[in-house]
Amino acid sequence: MLIEGIHHVCIKCSPKELDKVKHFYGEVLKLPVKRSWGEGEKAGLMFDTGAGLIEVFANAKEHLPQGAVQHFALATKNVDACIDAVRAAGYEITVKPKDVEIASEPPFPIRVAFAIGPVGEEIEFFCER
């Protein structure tokens, strides 16, 4: 097998938005910073999700549209607790926690919810049942 999994998801923000990104991923979702570098437009960091990284670059010149990436999913054992933390921090919840069974063989029961992150990124909180 050539591919072993997702290494990281990249988010771009402006230098002014970096503190809000750090707060959301570091404080609200409690992800540790694995590494960081630079200052201003050269600043960046990587949050460790335990199963891959969220890489952040602070070099966006303007608000970036969502583009080709629809969303990224963060694996969790407790979708509801994630959404409670995100809601308490004042972020938009676009899909409340719900149980879904993906019609596949074999059937795939999951619990999911969606929110909008600090710079407009769509985040899915995903739990395999």
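Cut-offs used in this document
- Counting from 1, residues in each chain are numbered in the order their sequence is written.
- pLDDT decides what is reported in this predicted model: residues at 70 or higher carry local features, side-chain atom pairs at 80 or more are listed and counted, and totals for whole chains, interfaces and linings draw on all residues regardless.
- In computing side-chain properties, one takes all heavy atoms of the structure into account and sets aside hydrogens as well as water.
- Any two strands are treated as partners once DSSP identifies two or more bridges connecting them.
- Starting at the N terminus, helices and strands are each numbered in turn, a helix being any DSSP run of H or I of at least four residues and a strand any DSSP run of E of at least two.
- Every axis corresponds to a line fitted to the C-alpha atoms, with the helix fit spanning only the stretch in contact, and the corresponding angles, defined between N-to-C directions, vary from 0 to 180 degrees.
- For this analysis, residues touch if any pair of their heavy atoms sits within 4.5 Å.
- Using a 1.4 Å probe on the protein chains alone, a residue whose accessible area is under 20% of its type maximum counts as buried, one over 50% counts as exposed, and one in between counts as partly exposed.
- In this tally, Asp and Glu contribute negative charge and Lys and Arg positive charge; neither His nor the terminal groups of the chain are included.
- The salt bridge definition used is simple: a Lys or Arg side-chain nitrogen within 4 Å of an Asp or Glu carboxyl oxygen.
- The arc under discussion is defined with respect to the helix axis, by the directions toward the C-beta atoms.
- Each polar contact in these results corresponds to two N or O atoms within 3.5 Å; when the atoms are within protein, one needs to be able to donate a hydrogen and the other to accept it, and residues that are neighboring in sequence are counted only if both atoms are side-chain atoms.

### Some thoughts on the sheet that holds strand β1 (residues 8-12)
Either a parallel or an antiparallel arrangement is found when strands of a sheet pair, and the pairing is made through backbone hydrogen bonds.
Argument step 1. Across the sheet, which stays open at both edges, the 4 strands sit in the order β1-β4-β3-β2 with mixed pairing between neighbours. For this open sheet the edge positions go to β1 and β2 (33-37), each flanked by a neighbour on one side alone. The average undirected angle you get between the axes of adjacent strands in this sheet is 15°.
Argument step 2. One ladder, built from 4 bridges, connects β2 with strand β3 (residues 44-48); its direction is antiparallel. Each residue of the ladder has a partner; that of V33, found in β3, is F47.
Argument step 3. Strands in contact with helix α1 (residues 18-28) are β1, β3 and β4 (53-57); relative to β3, the strand with the most contacts, it is inclined by about 10°.

### Examining the side chain of E55
Argument step 1. Among the secondary structure elements, E55 is positioned in strand β4.
Argument step 2. Here E55 is buried and forms no salt bridge, its nearest opposite-charge partner R35 lying at an N-O distance of 7.8 Å.
Argument step 3. Apart from residues lying up to four places away in sequence, E55 is in contact with H8, V9, C10, I11, W37, L45 and M46.

### Notes on helix α2 (residues 79-88)
Given 3.6 residues per turn, any residue in an α-helix points the same way as the ones three and four places further on.
Argument step 1. Among all positions of α2, only V79, C82, I83 and V86 are buried. The buried residues of α2 occupy an angular sector of 95° when the element is viewed end-on, so they sit on one face.
Argument step 2. Where α2 is buried, its residues meet α1, β6 (93-102), β7 (108-116) and β8 (122-128).
Argument step 3. Near the N-terminus of α2, the side chain that reaches the backbone nitrogen of D80, with its oxygen 3.3 Å away, is that of N78.
Argument step 4. Of the residues one or two after α2, G90 is the one with positive phi, at around 95°.

So yeah, pure geometry; function would need other evidence.
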